[in-house]
Amino acid sequence: MASESAKAILTIDLGALTANYARLCREAPVSEVAGVVKANGYGLGVLEVARALREVGCRSFFVAHLDEGLALRPHLADAAIYVLHGLAPRGEADTEAAGLIPILNQPDEIARWAAFARHRERRLPAAVQIDTGMCRLGFSRAGIEGLNRSLLEPLDLRLVMSHLACAEEADNPLNQRQQARFDELRERLPRAPASLANSSGIFLGSSFHYQLCRPGVALYGVNPTPGRVNPMAPVVKLEAPVLQVHDVIEAGTVGYGATRAIGPGSRIATVPVGYADGYPRAVSDRAAARIGSWKASLAGRVSMDLISLDVGGLPREAVQPGTMVELIFGPNGLDELAEAAGTIGYEILTRLGTRFARRYTRPAVERPV
Ligand SMILES: *Cc1c(COP(=O)(O)O)cnc(C)c1O
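Here's what I pulled together on the structure shown here. (Residues numbered from 1 in each chain as written. Predicted model: local features only at pLDDT ≥ 70, side-chain atom pairs only at ≥ 80, totals over all residues. Heavy atoms only, no water.)

Turning our attention to the overall build of the chain. When its secondary structure is counted, the chain shows 12 helices and 20 strands. With respect to the principal axes defined by its C-alpha atoms, the chain has extents near 80 × 45 × 40 Å. In the chain, which comprises 369 residues, the share counted as buried stands at 53%. By sequence separation, contacts in the chain at least 24 residues apart represent 67% of the contacts at least 6 residues apart. (Helix = DSSP H or I, 4+ residues; strand = E, 2+ residues; numbered from the N terminus. Buried < 20%, exposed > 50% of the residue type's maximum accessible area, 1.4 Å probe, protein only. Contact = heavy atoms within 4.5 Å.)

Spelled out as structure tokens, the structure:
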């Protein structure tokens, strides 16, 4: 199709995703490993991602919003779905009907969920989050110390969790401090499985694993151990066809703001991806693309729908209209683009646009764990 051939293609390798899940299971062999699929599976398509993970044995999933949980439930009949943002205002009936597990973050949420359980005359599943140092979501020390434990009686406490602020910095002393606070404060709650580690937390060692680990970004191929070799397989590839090639005859400039000077003899290839597709404008003049076995650098500013590549150093026949150019590629593609943009792989992933042709490659056949 003509409309297809002029489009960028985002390939999401579900086989690499499930291989990454298996890799994390090996890293945390005595814990359950959940899948964090908030924000549409970090932008990659929550249904495809969650189904692929479910097929290889993932039984617990985390979303941020109630609506995300409601959308996911029909596709994951038999999995635990935790809602990180807790019990939404007036969300009791929907949460119960969909069998979601709210992660209760403050006293009011416990009170409302417990009252609803009494009203329904059944024990309802719940998780409790303790804030051990992020000051973001969860019970503070005072909140836990002041908690009337009998409030939890109508609830089936499935998980007690906290979240690390600096897990990707293995030497950061806050990791141990948060862990110590977690161990101290969860003693004050009824016994329940515990969870502390996100992707990077899994690589802090077995004392951080507890009964359940909650990786997100590592599943999608971002390096959870910055500064060390990426243990994860790349899941995302972004490529696009060259629209036009300019043979530069006279000295001039490329793109908005005329920021990049070019001279006679240079060649510029134009590619239909821009910041409206989540390709960050901040990488103007910085990022590189791959064309076959060559690299070409960006020339000038990223436009809304286009970028320009300096292909003067490449053989003429290697770059023609229709030639595919890779924009997110290789074992560290997301991390490299993020670095050039001054951001993190999480942000690149979750902003990947809606104009790409999305292709899912099937999971490799693996036994459920
Ligand atoms: C997003 C999130 C995770 C997953 O974090 P990653 O760094 O992507 O592995 C785990 N726990 C909580 C509370 C989160 O908000």
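On to the site of the ligand. Of all residues adjacent to the ligand, which total 14 residues, the nearest are Lys 38, Tyr 42, Ser 199, Gly 216 and Tyr 346. Interatomic distance of 3.0 Å between a side-chain N/O atom of Arg 214 and a nitrogen atom of the ligand. The backbone of Val 217 places a nitrogen or oxygen atom 2.8 Å from an oxygen atom of the ligand. Protein burial of the ligand: of its 390 Å² of free accessible surface, 94% is covered by the chains. Within the shell around the ligand, the residues separate by chemical class into seven nonpolar, four polar and three charged. (Near = heavy atom within 4 Å. Polar contact = N/O pair within 3.5 Å; in protein donor to acceptor, adjacent residues only side chain to side chain. Areas by Shrake-Rupley, 256 points an atom, 1.4 Å probe, with all protein chains shown as cover. Nonpolar A, V, L, I, M, F, W, Y, C, P; charged D, E, K, R; others polar.)

Scanning all chains against the criterion turns up 20 salt bridges. With a closest N to O distance of 3.8 Å, Glu 239 and Lys 237 form a salt bridge. Judged by relative accessible area, which is 32%, Lys 237 ranks as partly exposed. Among the charged side chains, a salt-bridge network with shared partners connects Glu 92, Asp 108 and Arg 112. (Salt bridge = Lys/Arg side-chain N within 4 Å of Asp/Glu carboxyl O.)

A separate point is the environment of Pro 224. Looking at the secondary structure, you find Pro 224 in the loop between strand S10 (212–213) and strand S11 (236–241). Residue classification places Pro 224 among the buried positions, given a relative accessible area of 2%. For the pair formed by Pro 224 and Leu 14, sequence separation is 210 residues and the distance between their alpha carbons is 19 Å. If near-sequence neighbours (up to four positions away) are discounted, Pro 224 is found in contact with Glu 168, Ser 199, Ser 200, Phe 203, Ala 218, Asn 230, Pro 231 and Met 232.

For the structure shown, the criterion picks out five aromatic pairs. Ring centres 5.3 Å apart and planes at 85° place the aromatic pair Phe 182 and Tyr 210 in the edge-to-face group. Remark: Tyr 210 occurs in the loop between helix H10 (199–202) and S10 and Phe 182 occurs in helix H9 (residues 173–186); sequence separation between them is 28 residues. Comparing Phe 182 with Tyr 210 shows no difference in burial state: the two are buried. Through pairs of rings, three or more aromatic residues link up here, namely Tyr 42, Tyr 220 and Tyr 346. Lying across the ring of Phe 182, Arg 186 places its NZ or CZ 5.4 Å from the centre. (Phe/Tyr/Trp six-rings, centres within 6.5 Å; stacked < 30°, edge-to-face > 60°. Lys NZ or Arg CZ within 6 Å of the ring centre and 35° of its normal.)

For helix H4 (residues 46–55), every residue scored as buried is listed here: Val 46, Val 49, Ala 50, Ala 52 and Leu 53. Taken around the axis of H4, the buried residues stretch over an arc of 165°, which confines them to a single face. Buried residues belonging to H4 abut helix H2 (14–27), strand S3 (35–36), helix H3 (38–42), strand S4 (60–63) and helix H5 (66–72). (Arc of directions from axis to C-beta.)

Let us look at the packing of H2 against H4. Their axes nearest at 10 Å, the elements H2 and H4 cross at an angle of 50°. Here H2 is positioned oblique relative to H4, judged by the angle of their axes. The element H2 and its partner H4 pack so that their crossing is right-handed. Counting all contacts with H2, which are made through Leu 14, Leu 17, Thr 18 and Tyr 21, the residues of H4 involved are Glu 48, Val 49, Ala 52 and Leu 53. (Axes fitted to C-alpha atoms, helices over the stretch in contact; angles between N-to-C directions. Parallel < 35°, antiparallel > 145°, perpendicular 65-115°, else oblique. Left-handed = near helix turned anticlockwise from the far one by under 90°.)

Along the polypeptide, Arg 112 turns up in helix H7 (residues 107–120). Linking Arg 112 and Leu 151, residues 39 residues apart in sequence, is a C-alpha distance of 10.0 Å. Each residue touching Arg 112, except ones within four places of it in the same chain, is listed here: Leu 87, Ala 88, Pro 89, Arg 90 and Glu 92.

On to the nonpolar core, then. Note that soluble globular proteins tend to have their nonpolar side chains buried in a common cluster. Ranked by size, the top nonpolar core spans 88 residues in total, and within it Phe 62, Tyr 279, Leu 309 and Leu 349 carry the most contacts. Residue contributions to this core peak at six residues, all from H2. Residues in contact with Leu 349, not counting those within four places in the same chain, are Tyr 42, Gly 43, Leu 44, Val 217, Tyr 220, Val 222, Val 236 and Leu 334. The next biggest cluster of nonpolar side chains, apart from the first, holds 28 residues, and it includes Leu 104, Leu 147, Leu 152 and Phe 182. (Core = buried A, V, L, I, M, F, W, Y, C linked by side-chain atoms within 4.5 Å.)

What follows concerns H2. In a regular helix each residue adds 1.5 Å, so 14 residues correspond to 20 Å; H2 covers 20 Å between its end C-alpha atoms and thus fits that length. For H2, the tally of buried residues reaches 10 of 14 residues, placing the bulk of the element in the interior. By the burial criterion, the buried members of H2 are Leu 14, Gly 15, Ala 16, Leu 17, Thr 18, Asn 20, Tyr 21, Ala 22, Leu 24 and Cys 25. Each element contacted by the buried residues of H2 is listed here: strand S1 (9–13), strand S2 (32–33), H4, H10 and strand S20 (357–361). For H2, the N-terminal cap is Asp 13; the gap from its side-chain oxygen to the backbone nitrogen of Gly 15 is 2.9 Å. (Expected span 1.5 Å × (residues − 1).)

Right, let's get into the state of the cysteines. On inspection of all chains with the given rule, the structure shows zero disulfides. Left unpaired, Cys 135 is separated from the closest cysteine sulfur, that of Cys 166, by 14 Å. For the unlinked cysteine Cys 213, the closest cysteine sulfur is that of Cys 25, found at 9.0 Å. (Disulfide = S-S within 2.5 Å.)

Relative to the helices and strands, Arg 73 resides in the loop between H5 and strand S5 (80–83). This buried residue, Arg 73, is left without a salt bridge; Asp 78 holds the nearest opposite charge, at 6.5 Å. Polar contacts involving the side chain of Arg 73 include one to the main-chain carbonyl oxygen of Ala 98, which spans 2.6 Å. Filtering out sequence-adjacent residues up to four positions away, Arg 73 remains in contact with Ala 79, Ile 81, Ala 98, Gly 99 and Leu 100. (Lys, Arg positive; Asp, Glu negative; His and termini not counted.)

These figures come from the coordinates and say nothing about function on their own.
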